Amino acid sequence: IKCQVYVRDSQSCTYANAGEHLPCLKWDNFRDVSKSSDLKKFLSLLDKDQKHAPGKYDIVYNCFWKTSSSDTSAVAASSTGWKSLHSFTVVEDCADWLPSKVEKKSTIARLFVSGAPEFLAADCAKLDIAKEAIFRAHDTNPMDGKLSYEELFEAFTKHDMDTNYLKYLQKSNYFESTGVSLNDVVHSAAIPLRCQDATSSKPDIYITDITYPTAKTVKDECKIQKENVKLEWDYNKMPSSGDFQCVYVDGRLYKKLKTEAGTTAATELEDIRPSSSVGPSAVRLMTHLTFEGGSYKNLVDGSGPSSAVAGTTLSTYACGSGISCLRRTSSGDDYIMENQPLMHSSAIMTWVRIEQTSFPSSTTTSSVAPIWFSQGPSKDSRYQKLFGIKKGSRTLFAKYFNEELSSSTALSYDKMHHVAMVLNKENGLTLFLDGVPVAHKSMVRNTDIDFEVSTRAKVLGTNAVYDDFRIFTGVVTPLHVKAVFQCGHSTACAALAYAEPQSRRIYCIIPNYAQKSKKVAFVPPCSTGLFFNGAAIDLRMIPDQKGILFSFRDTALGELGFEVLRQLSDVDSDGASSSEPEAVVLIDSYVDGCALKYSPLSFFDDAAIKMPGYVWEYSIRTKFDNGAQNTSDPFLFTTPWFGIVEGLIFAGKSAVPVRNVRVCARIKNSTYPSSTLEAGAQKQDLAAYASVWHSNQNDIGVRSSAFKATDRDSKSRVTIRDQEWMNITLGKFSSISKINVCYDLSLDSSRDG
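Rules used in this analysis
Residues numbered from 1 in each chain as written. Predicted model: local features only at pLDDT ≥ 70, side-chain atom pairs only at ≥ 80, totals over all residues. Heavy atoms only, no water. Helix = DSSP H or I, 4+ residues; strand = E, 2+ residues; numbered from the N terminus. Buried < 20%, exposed > 50% of the residue type's maximum accessible area, 1.4 Å probe, protein only. Areas by Shrake-Rupley, 256 points an atom, 1.4 Å probe, with all protein chains shown as cover. Lys, Arg positive; Asp, Glu negative; His and termini not counted. Charge placed at Lys NZ, Arg CZ, Asp CG, Glu CD. Pairing = 2+ DSSP bridges. Phe/Tyr/Trp six-rings, centres within 6.5 Å; stacked < 30°, edge-to-face > 60°. Patch = residues over 30% accessible without salt bridge, like charges linked within 9 Å, V, L, I, M, F, W, Y side chains within 5 Å. Salt bridge = Lys/Arg side-chain N within 4 Å of Asp/Glu carboxyl O. Axes fitted to C-alpha atoms, helices over the stretch in contact; angles between N-to-C directions. Parallel < 35°, antiparallel > 145°, perpendicular 65-115°, else oblique. Left-handed = near helix turned anticlockwise from the far one by under 90°. Contact = heavy atoms within 4.5 Å. Nonpolar A, V, L, I, M, F, W, Y, C, P; charged D, E, K, R; others polar. Polar contact = N/O pair within 3.5 Å; in protein donor to acceptor, adjacent residues only side chain to side chain. Disulfide = S-S within 2.5 Å. Expected span 1.5 Å × (residues − 1). Core = buried A, V, L, I, M, F, W, Y, C linked by side-chain atoms within 4.5 Å.

Student: Could you clarify how one ought to interpret the overall build of the protein in this entry?
Tutor: Counting its regular elements, the protein contains 13 helices and 39 strands. Taken along the three principal axes of its C-alpha coordinates, the protein extends 100 × 80 × 60 Å. Put simply, the protein has 753 residues, and 45% of those count as buried. Carbon and sulfur atoms make up 51% of the accessible area of the protein, which amounts to about 39,400 Å² in all. When the 84 positive and 86 negative side-chain charges of the protein are each reduced to one mean point, those points stand 3 Å apart.

Shown next as structure tokens:
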């Protein structure tokens with residue numbers, strides 16, 4: 001069976017002239033074959049410029065049986081004829097993600113460049129050089145003139161950025177049809193804030209300031225900027241009532257700011273979300289229940305019931321504008337979640353409203369109405385794990401083996417509260433009510449919660465109204481809980497549960513005016529901010545013959561010193577080493593400010609360099625005089641193979657050594673000899689995608705396009721005037737007998753080839 005389908009906004013759109021985008025889109029079989037499997041059934045609402053296409057639309061179809069792959073084999077009697085299936089309206093609003101292109105410029109290329117510390121510190125007059133250098137530093141596997149998903153993922157991780165926008169593009173098959181070329185990067189709209197000129201260009205909206213400390217940031221500024229990113233902007237075109245701005249962080253929608261009647265447009269916001277980190281302490285969402293569309297499933301992995309069991313006391317309903325909630329009115333069927341993680345480092349949180357008509361009749365365990373309850377296979381009551389509300393006092397309570405914690409602040413009836421339980425070794429056991437800690441134990445045996453291990457949990461057992469139920473693993477901090485509460489109870493805030501913000505964050509603002517601007521090619525402003533909390537960032541390990549050197553960016557104030565921690569990575573330990581890290585370097589001194597890069601030459605790890613092929617996990621522990629400490633995210637380092645060739649080069653048969661002679665060496669393994677270049681071997685383009693230097697460095701247009709000489713694109717060209725030349729770095733030793741240069745005869749008729 002075949003269904004010919006198109007989506008139109010007017011009668012002039014037909015199946016014959018429908019294309020790949022709205023407002024006249026061909027959508028055969030109600031599927032988009034260009035997308036990944038789980039997105040094929042989704043209808044794209046974007047136009048050819050990757051922008052929302054507002055308007056009224058009809059879905060029109062004609063289905064029929066056919067006897068072969070060709071539509072001409074359709075069985076005429078089986079055709080439904082052209083019929084309208086559904087009408088809908090696309091309205092102006094904030095998209096969930098930034099479009100892949102804005103004014104024909106690559107968004108992912110802009111984010112890639114904007115997150116590189118080298119670019120943010122580059123000379124404003126030489127940004128093109130910095131962009132090309134950053135591209136070439138990551139176009140290595142292989143060096144093919146474009147950045148693949150894997151190369152970009154490594155770059156984003158190295159720059160300490162959220163990778164979810166990259167994963168979103170990968171899921172939509174973005175990298176199957178294209179990569180990020182050097183042309184995309186060099187001509188991207190990325191520009192450091194200090195280099196932007198909002199005076200002469202007069203954009204509708206422009207960023208004026210953002211938190212990003214440098215070596216010049218003074219002590220008082222460091223204190224103010226710690227643990228928050230503040231973004232400020234202004235307008236050349238002031239928004240009117242009903243206009244709004246869409247603020248994106250790392251490509252994902254963060255907040256919609258609407259100008260209400262009688263108010264002035266927003267000009268600032270603060271982002272207090274802590275870094276989600278990487279490695280064992282990384283904060284990751286494991287369970288998420290929002291009940292949208294009446295679904296009871298865990299949105300993370302699809303587990304759990306798809307709908308309420310017949311006769312249950314659970315039901316979903318609309319509890320606000322675009323918001324769905326779950327209501328339990330009395331004891332009934334258990335809400336069981338499978339595939340639950342270990343809880344020794346975890347957080348459970350939800351929005352909840354207890355109602356006086358139903359809460360007092362809640363079923364209890366130890367006088368506690370449970371929000372989350374788990375028990376091992378033995379059913380031994382000693383191993384019960386519980387987070388809930390005491391029925392008598394309406395206060396929060398948590399317990400597990402050998403630990404109990406109660407709060408003294410009561411929840412109000414008929415009011416939506418945000419409640420949370422957080423457990424980890426670093427911060428202890430804490431109960432939160434509306435973003436504020438209401439009970440705390442700093443010293444706990446957090447691993448006891450996993451006596452006995454259970455992968456099943458009963459959730460939402462208290463008679464109440466619930467929404468946005470989440471379970472995280474990793475080291476969740478009080479600031480995480482505060483950020484969730486301050487965001488509020490909304491579908492937009494629930495969507496942010498999937499964000500994994502890191503230290504560097506790129507903020508973009510897309511304005512939406514009812515009165516459209518006549519300006520063309522307006523590229524929304526973006527700027528890079530830095531969230532820091534005193535832990536070291538940008539940790540790098542540099543191999544050297546004397547040992548492994550290191551560098552990092554210090555973000556702490558008043559530290560006593562640092563420890564370089566090292567342990568074998570899990571994949572290489574083979575159970576032979578301790579899981580505890582070792583302090584291999586001690587530094588009893590401090591670094592001024594909160595943004596200085598520290599690259600000590602006198603400290604190094606000379607033991608790990610002697611074991612080639614081993615994978616190590618390094619981190620930096622920052623120490624303070626009050627006994628506090630802050631540990632950086634881990635950095636994986638593979639010890640390289642080092643070899644030293646010693647000898648003398650003599651001139652012919654003489655006994656006179658010759659200086660400055662290059663020696664080429666090839667590595668062979670024990671089985672197969674290294675390949676050599678044979679005289680009759682197939683010729684190859686040694687200059688393909690190689691770095692190019694143009695002699696005219698004063699002309700930015702010429703200088704920034706020099707790479708086109710080797711980009712293997714027959715449509716691109718480089719201008720070389722009289723007395724100008726180019727240097728091409730091949731990057732390998734080669735014997736060159738012939739150089740071919742391609743030129744456009746129509747532009748230079750004096751040459752005859």
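Student: What should I look at first to understand the sheet that holds strand E34 (residues 597-598) in this one?
Tutor: Either a parallel or an antiparallel arrangement is found when strands of a sheet pair, and the pairing is made through backbone hydrogen bonds. One open sheet accounts for three strands, arranged E30-E31-E34; its pairing is antiparallel. Unpaired on one side and paired on the other, strand E30 (537-544) and E34 mark the two borders of the sheet. Bridging between E30 and strand E31 (residues 547-553) involves six bridges; their strand directions are antiparallel. Within the sheet, the bridge partner assigned to Ile542 lies in E31 and is Leu549.

Student: How do you make sense of the packing of aromatic side chains when you look at a structure like this?
Tutor: What the rule picks out here adds up to 24 aromatic pairs. Each ring, one from Tyr149 and one from Phe153, has its centre 6.0 Å from the other, and the planes form 45°; the classification is tilted. A residue pair is termed a helical-turn pair when its members lie 3 or 4 positions apart in one helix, as Tyr149 and Phe153 do in helix H4 (residues 149-158) at four residues. Of the residues examined, Tyr149 reaches a relative accessible area of 17% and is grouped as buried.

Student: What is the right way to read a nonpolar patch on the surface from this model?
Tutor: A contiguous nonpolar surface patch, about 310 Å² in accessible area, is contributed by Ile649, Val658, Val661 and Val663. By the element assignment, Val663 lies in the loop between strand E37 (635-638) and strand E38 (691-694).

Student: When you look at the packing of helix H1 (residues 107-114) against helix H5 (residues 164-171) in this model, what are you seeing that I'm missing?
Tutor: Angle between the axes and distance between the axes are the two parameters that describe a pair of packed helices. Contact geometry of H1 with H5 gives a least axis separation of 11 Å together with a crossing angle of 155°. The orientation of H1 with respect to H5, classified from their angle, is roughly antiparallel. You can see that H1 and H5 cross each other, and the crossing is left-handed. Across the interface between the two elements, Thr107, Ile108 and Leu111 of H1 pack against Tyr165, Leu166 and Leu169 of H5. For the contact of H1 with H5, the per-class residue count stands at five nonpolar, one polar and no charged.

Student: Please clarify how the environment of Ser503 should be interpreted in this entry.
Tutor: The topology assignment puts Ser503 in the loop between helix H11 (491-495) and strand E28 (504-512). Looking at Ser503, the relative accessible area reads 6%, which means it is buried. Between the alpha carbons of Ser503 and Phe532 there is a distance of 6.3 Å; along the sequence they are 29 residues apart. In this structure, Ser503 is in contact with Asp160, Ser275, Gly529, Leu530, Phe531 and Ile537, ignoring residues within four places of it in sequence. Side chain to side chain, Ser503 and Asp160 meet in a polar contact 2.7 Å long.

Student: I'm lost on the packing of H1 against H4 in this one. Help?
Tutor: With their axes 10 Å apart at the nearest point, H1 and H4 run at an angle of 35° to one another. The interaxial crossing formed by H1 with H4 has left-handed handedness. Here H1 contributes Ile108, Leu111 and Phe112 to the contact with H4, which in turn contributes Leu152, Ala155 and Phe156. Its residues placed into classes, the contact of H1 with H4 shows six nonpolar, no polar and no charged.

Student: Any chance you could explain the pairing of strand E13 (residues 268-271) here in plain terms?
Tutor: Within a regular strand, the side chains alternate between the two sheet faces. Of the two faces of E13, only the one carrying Leu269 and Asp271 is buried; Glu268 and Glu270 on the other face are not. Sheet analysis places strand E10 (residues 229-235) next to E13, joined by four bridges and oriented antiparallel. Bridge assignment links Leu231 to a residue of E13, and that residue is Leu269.

Student: What is the right way to read the state of the cysteines from this model?
Tutor: Tallied over the entire structure, the rule returns eight disulfides. Covalently, Cys94 is tied to Cys246 through a disulfide, its sulfur atoms 2.0 Å apart. Classification of the bridge connecting Cys94 and Cys246 rests on its S-S torsion, roughly -85°, and on that basis the disulfide is left-handed. Here Cys94 is found in the loop between strand E4 (83-90) and strand E5 (101-102), whereas its partner Cys246 is found in strand E11 (residues 244-249), with 152 residues between them in sequence. No difference in accessibility class separates Cys94 from Cys246, as the two residues are buried. Two residues, Cys487 and Cys493, share a disulfide whose sulfurs are 2.0 Å apart. Its torsion about the S-S bond being -90°, the disulfide of Cys487 and Cys493 is classed as left-handed. Taking the relative accessible area as the measure of exposure, Cys493 reaches 7% and is therefore buried.

Student: Sorry, what's going on with helix H3 (residues 127-138) here?
Tutor: Helix length check: H3 (twelve residues) gives 17 Å between terminal C-alpha atoms against 16 Å at 1.5 Å per residue, within 8%. Taken as a whole, H3 has its buried residues at Leu127, Asp128, Ala130, Lys131, Glu132, Ile134, Phe135 and His138.

Student: Would you take a moment to explain the environment of Phe472 for this structure?
Tutor: Tracing the sequence through the fold places Phe472 in strand E27 (residues 465-473). Distance in space between the C-alpha atoms of Phe472 and Leu314 is 24 Å, their sequence separation being 158 residues. If we skip the residues at most four places from it in the chain, Phe472 touches Val283, Arg284, Leu285, Ser345, Ser346, Ala347, Met349 and Ala497.

Student: Help me out: how do you make sense of the environment of Lys226 in this one?
Tutor: Position of Lys226 relative to the elements: it lies in the loop between helix H9 (219-225) and E10. With a relative accessible area of 42%, Lys226 lands in the partly exposed category. Spatially, the C-alpha atom of Lys226 lies 9.5 Å from that of Ile272, the residues being 46 residues apart in sequence. Contact partners of Lys226, with chain neighbours within four places excluded, come to Phe532, Asn533 and Gly534.

Student: Quick question: what am I supposed to make of the nonpolar core here?
Tutor: Ranked by internal contacts, the top residues of the largest apolar core, which has 42 residues, are Ile108, Phe112, Phe119, Leu152 and Tyr248. Tallying contributions element by element places H1 first for this core, with five residues. Ignoring anything within four residues of it in the chain, the contact list for Leu152 reads Ile108, Phe112, Leu147, Leu166, Phe175 and Val180. Grouped together as the second largest cluster of nonpolar side chains are 38 residues, Leu289, Met343, Ala369 and Val459 included.

Student: When you look at unusual backbone geometry in this model, what are you seeing that I'm missing?
Tutor: Most peptide bonds adopt trans geometry, and most residues besides glycine take a negative phi value. The residue after Leu22, namely Pro23, is reached through a cis peptide bond having omega 20°. Turning to its location among the elements, Pro23 is positioned in the loop between strand E1 (2-8) and strand E2 (24-26). Put simply, Phe451 and Glu452 share a cis peptide bond, and its omega is -25°. Within the secondary structure, Glu452 is located in the loop between strand E25 (436-441) and strand E26 (457-459). Unusually for a residue other than glycine, Glu103 sits at a positive phi of about 50°. Within the element layout of this structure, Glu103 appears in the loop between E5 and strand E6 (105-106). A positive phi angle is found at Arg394, which is not glycine, with a value near 60°. Along the polypeptide, Arg394 turns up in the loop between strand E20 (385-390) and strand E21 (396-400).

None of this, on its own, says anything about what the molecule does.
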